[in-house]
Amino acid sequence: MRKLAKAVLIPAASLAALAYMGFPARVGLTASQAQVSMPGDLLLPTAAVQGDRAVVVSGTPEDVWPLALELQSLYGDLFDSELAVVYRQAPDLIVWEAVMPARDDDHDQDLFRATVAVALRPVSGGTMIHVRERYAVLDGVRGRFATSVVLATSAVVTSAKLHGFRRQVAVGQAKNPLKD
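On a predicted model such as this, the values are computed, not experimentally measured, just so you know.

## Quick notes on the packing of aromatic side chains
Any two aromatic rings considered together are summarised by their centre-to-centre distance and by the angle between their planes. A full pass over the atoms with the stated rule returns four aromatic pairs. Taking the centre distance of 5.6 Å and the plane angle of 50 degrees together, the rings of Tyr 75 and Phe 79 count as tilted. Taken as a pair, Tyr 75 and Phe 79 lie in helix H4 (residues 71–79) at a separation of four residues, close to a single helical turn. Of the two residues, Tyr 75 and Phe 79, both sit in the buried class. Centre to centre, the rings of Phe 79 and Phe 112 are 6.1 Å apart; their planes meet at 75 degrees, and the pair counts as edge-to-face.

## Focus on the pairing of strand E2 (residues 49–57)
Burial runs high along E2: seven of the nine residues are buried. In the sheet, strand E1 (residues 26–27) pairs with E2 via two bridges, with the strands oriented parallel. Within E2, the residue paired with Val 27 across the bridge is Arg 53. As defined by bridge partners, E2 adjoins strand E8 (residues 126–137) across nine bridges and the pair is classed as antiparallel. Of the residues in E8, the one forming a bridge with Val 55 is Ile 129.

What counts, and where the lines are drawn
Residues numbered from 1 in each chain as written. Predicted model: local features only at pLDDT ≥ 70, side-chain atom pairs only at ≥ 80, totals over all residues. Heavy atoms only, no water. Phe/Tyr/Trp six-rings, centres within 6.5 Å; stacked < 30°, edge-to-face > 60°. Helix = DSSP H or I, 4+ residues; strand = E, 2+ residues; numbered from the N terminus. Buried < 20%, exposed > 50% of the residue type's maximum accessible area, 1.4 Å probe, protein only. Pairing = 2+ DSSP bridges.

As structure tokens, then:
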């Protein structure tokens with residue numbers, strides 16, 4: 001009986017802890033940081049789902065900008081669609097919108113619309129890369145399920161990519177410590 005209790009209680013407690021910390025909706029930010037309005041939020045004002053991910057890297061926004069642009073292909077693959085630039089203010093902000101939202105091929109129905117905003121903000125010790133994704137569910141149960149799957153997948157994949165950026169910037173600075 002103890003083995004069964006451990007087998008059930010440990011995973012349940014782990015999932016509860018993750019949910020309490022905001023996962024998968026919030027990774028690397030406090031709840032108050034995730035509530036701050038960002039450009040692109042009004043593209044989907046009635047978005048039912050929002051995910052925020054962030055990491056602080058030791059570089060400047062100018063150093064990080066080329067890396068931030070790599071997120072376009074990551075989200076394009078995740079949404080299985082093209083992303084169009086809606087707003088761009090280099091090297092601080094870019095907002096993309098999914099051109100062809102994810103579809104349920106069996107029903108030929110758009111499941112959701114999505115936007116992704118990437119803001120680079122100077123903070124003590126470097127630059128915060130803040131990624132916000134917003135989803136408007138278009139097709140009831142299937143749309144909610146699809147956004148849940150994409151949000152959870154994005155939490156893992158995007159967070160890993162952002163932490164990879166942190167390592168890339170640190171290695172780049174180590175190679176050239178006298179960079180202007």
